[in-house]
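Spelled out from the first residue to the last, the chains are:
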Amino acid sequence: MEYKSEEEFLKHYDPNQFERLSLTTDILLFSVADGVQENYRKLNKKYFSVLLIKRDTYPFKGKWCLPGGFIRMDETTDEASKRILKDETNLEDIYLEQLYTFSAVDRDPRMRVISTAYMSLVDKNCLHHNLVQNASWFHIHTLEDGDTIKVFLENGEEQLTFEVKKHLKEITTAHYEYEIVNNECLAFDHALTMVMGMERLKNKIEYTDIVFHMMPRYFTLGELQQVYEIILGKKLLDPAFRRMISNKVRKTDKMKTGGGHRPSALFEYIHQPK
């Protein structure tokens, strides 16, 4: 049928002629926090952590997942991610960036569901919110063996593990695809989301200032170096690290004292509002 105008076309348009699908958003929330101080002469050990929610409904009842939910008809994915983060974790006004859209046909056993995942960063030491009852921070430890990434998660009560394999899809851009090869603990395809988020963060930390979303207002250079090292998974030489962050931080007139070691100068992110 030929239509003479947009108005005529919309008048006869039947939206039921196409199959429906559902849209969700999942939030991958990373943080860095101090652990128990083992030696009073050393800096507190820092841990890289992710926030998980234990599901209390089917599917995947009793398993851990990322905070997430369905997108409403009257909101964008950005709006939905902020609402869901607040509803499921009591957290708000923290950094969010879109990570990836997951669209595997069988990723949700209920129906055809596409999820737009977001990565969020926060300094856990600065949080003043009470998490919802079924939420918990898990420390992240990874072990890479060739093209296999094994992830260990622990929160003091439970230990979770999963494995993801990466495949080089495009050599000129170093673009990888990821495949879950062993996972009994995380719901949906959230193991993929977590690994892809860690890889994104690892890549961006070297050429952007994204790490400062995980830092307090004031910090020592040693504390900042610890955060870089746990995210990158490698030790950094002090001179090379200081060259890396030289144009990103400024020295303040404040000092960190106590803890059994010499006072240390405190720095702040150079673009931090005074």
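Our structure's up above, just so we're on the same page.
Predicted model only: the values in this text are computed from it and were never measured.

Trainee: Please set out the overall build of the chain residue by residue, giving values where relevant.
Mentor: Assigned secondary structure in the chain consists of five helices and twelve strands. When its C-alpha atoms are laid out on the principal axes, the chain stretches across 80 × 45 × 45 Å. For the chain, buried positions account for 42% of its 274 residues. Taking contacts inside the chain between residues at least 6 apart in sequence as the whole, the part at least 24 apart equals 55%. Here the chain has roughly 16200 Å² of accessible surface; of this, 49% comes from carbon and sulfur atoms. Distance from the positive charge centre (38 side chains) to the negative charge centre (42 side chains) of the chain: 8 Å.

Trainee: Kindly report on the pattern of salt bridges, identifying the contributing residues and their values.
Mentor: Within this structure, the stated rule accounts for 18 salt bridges. With a closest N to O distance of 3.8 Å, D26 and R107 form a salt bridge. With D26 in strand β1 (residues 22–34) and R107 in the loop between β5 (95–102) and β6 (113–123), this pair connects stretches of sequence that are 81 residues apart. On the basis of relative accessibility, which here comes to 8%, the residue D26 falls in the buried class. Taking the shortest distance from any N to any O, the salt bridge between E229 and K235 comes out at 3.6 Å. Among the residues examined, K235 registers a relative accessible area of 72% and is labelled exposed.

Trainee: Can you explain unusual backbone geometry? Please cite residues and give values.
Mentor: With an omega of 0°, the peptide bond running from Y58 to P59 counts as cis. The topology assignment puts P59 in the loop between β2 (46–54) and β3 (64–65). Although it is not a glycine, N90 adopts a positive phi angle of roughly 70°. Mapped onto the secondary structure, N90 falls in the loop between α2 (77–89) and β5. Not every positive phi belongs to a glycine, and F188 is a case in point at roughly 55°. A relative accessible area of 14% means that F188 is categorised as buried.

Trainee: Can you lay out the packing of helix α4 (residues 221–232) against helix α5 (residues 238–245) for me, pointing to particular residues and giving the numbers?
Mentor: Where α4 meets α5, the axes come as close as 11 Å, and the angle between the chain directions of the two elements is 95°. On the basis of their axis angle, the class for α4 and α5 is roughly perpendicular. Mapping the contact onto sequence places L221, L224, Q225 and Y228 in α4 and D238, F241, R242, M244 and I245 in α5. Counted by class, the contact of α4 with α5 contains six nonpolar, one polar and two charged residues.

Trainee: Which residues make up the side chain of S120, and what values go with them?
Mentor: With respect to the element layout, S120 can be found in strand β6. A distance of 2.6 Å separates a polar side-chain atom of S120 from the backbone oxygen of Y95. Once residues lying within four places of it in the same chain are set aside, the contact partners of S120 are I27, L28, L29, F30, L85, I94, Y95 and L96.

Thresholds, definitions, all that
- Residues numbered from 1 in each chain as written.
- Predicted model: local features only at pLDDT ≥ 70, side-chain atom pairs only at ≥ 80, totals over all residues.
- Heavy atoms only, no water.
- Helix = DSSP H or I, 4+ residues; strand = E, 2+ residues; numbered from the N terminus.
- Buried < 20%, exposed > 50% of the residue type's maximum accessible area, 1.4 Å probe, protein only.
- Contact = heavy atoms within 4.5 Å.
- Areas by Shrake-Rupley, 256 points an atom, 1.4 Å probe, with all protein chains shown as cover.
- Lys, Arg positive; Asp, Glu negative; His and termini not counted.
- Charge placed at Lys NZ, Arg CZ, Asp CG, Glu CD.
- Salt bridge = Lys/Arg side-chain N within 4 Å of Asp/Glu carboxyl O.
- Axes fitted to C-alpha atoms, helices over the stretch in contact; angles between N-to-C directions.
- Parallel < 35°, antiparallel > 145°, perpendicular 65-115°, else oblique.
- Nonpolar A, V, L, I, M, F, W, Y, C, P; charged D, E, K, R; others polar.
- Polar contact = N/O pair within 3.5 Å; in protein donor to acceptor, adjacent residues only side chain to side chain.

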